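Each chain, written out:
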Amino acid sequence: MTSTNAHDGTHSDSPAAADPSAEAEARDFRSLLHSLRVWDGVELPALDPAAAPADPLPLFRSWLREAAEAGQPEPHTMSLATADADGRPSVRTLMLHDADAAGWHFGTHSTSRKGRELAARPDAALGFYWQAQGRQVRVEGQVLSGTPEEAAADLRARSTGALAAALTGRMSEVLDSRAELAGASEASWNLAQIDPAAVAPTWTLYTLEATEVEFFQGDTRRQHVRLRYRRNGATWTRDLLWP
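Rules used in this analysis
- Residues numbered from 1 in each chain as written.
- Predicted model: local features only at pLDDT ≥ 70, side-chain atom pairs only at ≥ 80, totals over all residues.
- Heavy atoms only, no water.
- Buried < 20%, exposed > 50% of the residue type's maximum accessible area, 1.4 Å probe, protein only.
- Helix = DSSP H or I, 4+ residues; strand = E, 2+ residues; numbered from the N terminus.
- Contact = heavy atoms within 4.5 Å.
- Phe/Tyr/Trp six-rings, centres within 6.5 Å; stacked < 30°, edge-to-face > 60°.
- Core = buried A, V, L, I, M, F, W, Y, C linked by side-chain atoms within 4.5 Å.
- Patch = residues over 30% accessible without salt bridge, like charges linked within 9 Å, V, L, I, M, F, W, Y side chains within 5 Å.
- Areas by Shrake-Rupley, 256 points an atom, 1.4 Å probe, with all protein chains shown as cover.
- Salt bridge = Lys/Arg side-chain N within 4 Å of Asp/Glu carboxyl O.

Caption draft 1: Molecular detail of helix H5 (residues 160–168). Every buried residue belonging to H5 is among Ala162, Leu163, Ala164, Ala166 and Leu167, and all of these are buried. Looking at the buried positions of H5, the neighbouring elements they touch are strand E6 (103–109), helix H4 (148–156), helix H6 (178–194) and strand E9 (203–217). Remark: Gly169 follows H5 within two positions and exhibits a positive phi of approximately 65°.

What follows is the structure, encoded as structure tokens:
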């Protein structure tokens, strides 16, 4: 990189002097990362691929239940990855609402960023990580929008706070001030308490129809087990993958 000497206008090929405090902060951060351990002191369960079910759903349900029983906080929390019409990806964390023969279900506003991206490109992926047992599950497939009746039923099954948040709406829009949010939230809380059957017009229940589901069981010696299910018509094929 060429720089200009402020005194005589000459150029130099040496980089500008770095900020010592920034360098120290960077070293401290790298040291922190290198000091962190994975599954330290955790006794991990095993995954026997030969005993795995023919369909991924029973194994997923079993793993989520076992994660909850092992003390994993919010085991129904997942990452949702989508992409816009140009293929630019985005990811966020949200809650799983159900998993059944139809697929993996979650809710959001159709007008939110993820809602708009799913409308333009309905392919998506889910990621679950249960640190308490060294387990991950990855789900890929196409996302379908549910009916207004399904969206209303989904909201009725959730907490007052979740209903209030849905009624507030305007997800992903620019917020002018925290005061504006406070006023809208207060109004939504009041409505949710008065009318538990209130409808949020843009709230949508989505279903990801899985075409591929991968189960990852961690191993302290790094001999991880990766079991992949791939849909083949009405059945599934299973493969082991190198970790």
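Caption draft 2: Geometry of the packing of aromatic side chains. Summed over all chains, the structure comprises 8 aromatic pairs. Each ring, one from Trp63 and one from Phe215, has its centre 5.2 Å from the other, and the planes form 85°; the classification is edge-to-face. On the criterion of sequence distance, the pair formed by Trp63 in helix H2 (residues 56–69) and Phe215 in strand E9 is long-range, its members being 152 residues apart. The same class applies to Trp63 and to Phe215, which are both buried. Centroid distance Phe215 to Tyr229: 5.7 Å. Interplanar angle 75°. Geometry classified as edge-to-face.

Caption draft 3: Spotlight on the nonpolar core. If you look at the biggest cluster of nonpolar residues, it comprises 31 residues, and the most contacted ones within it are Phe60, Trp104, Phe128, Val137, Val139, Val213 and Phe215. For this core, the secondary-structure elements that each account for two or more residues are H2, strand E3 (77–83), E6, strand E7 (123–130), strand E8 (135–145), E9 and strand E10 (225–232). When residues in this core are grouped by element, the largest group, 6 residues, is from H2. If we ignore the near neighbours within four places in the chain, the residues touching Phe60 are Leu96, Ala99, Trp104, Phe128, Trp130, Val137 and Phe215. Ala151, Leu155, Leu163 and Ala166 belong to the second-largest nonpolar core, a separate cluster that totals 10 residues.

Caption draft 4: Representation of the environment of Leu155 within the structure. Within the secondary structure layout, Leu155 lies in helix H4. Relative accessible area serves as the criterion here: at 4%, Leu155 is assigned to the buried category. Along the primary structure Leu155 and Leu118 are separated by 37 residues, whereas in three dimensions their C-alpha atoms are 20 Å apart. Each residue touching Leu155, except ones within four places of it in the same chain, is listed here: Leu163, Ala166, Ala200 and Trp203.

Caption draft 5: Examining a nonpolar patch on the surface more closely. A surface patch of nonpolar side chains, amounting to about 400 Å² of accessible area, comprises Phe29, Leu32, Leu33 and Leu36. By the secondary structure assignment, Leu32 is in helix H1 (residues 20–35).

Caption draft 6: Quick look at unusual backbone geometry. In this structure, Glu74 takes a positive phi of about 45° despite not being glycine. Among the secondary structure elements, Glu74 is positioned in the loop between H2 and E3. Located in the positive-phi region is Arg222, a residue other than glycine, with phi close to 65°. Looking at the secondary structure, you find Arg222 in the loop between E9 and E10. A relative accessible area of 47% means that Arg222 is categorised as partly exposed.

Caption draft 7: Looking closely at the environment of Ala102. On the secondary structure map, Ala102 appears in the loop between strand E5 (98–100) and E6. Given a relative accessible area of 43%, Ala102 falls into the partly exposed group. Taking C-alpha positions, Ala102 is 19 Å from Thr77, a pair spaced 25 residues apart along the chain. If sequence neighbours within four positions are ignored, Ala102 has contacts with Thr207, Leu208 and Glu209.

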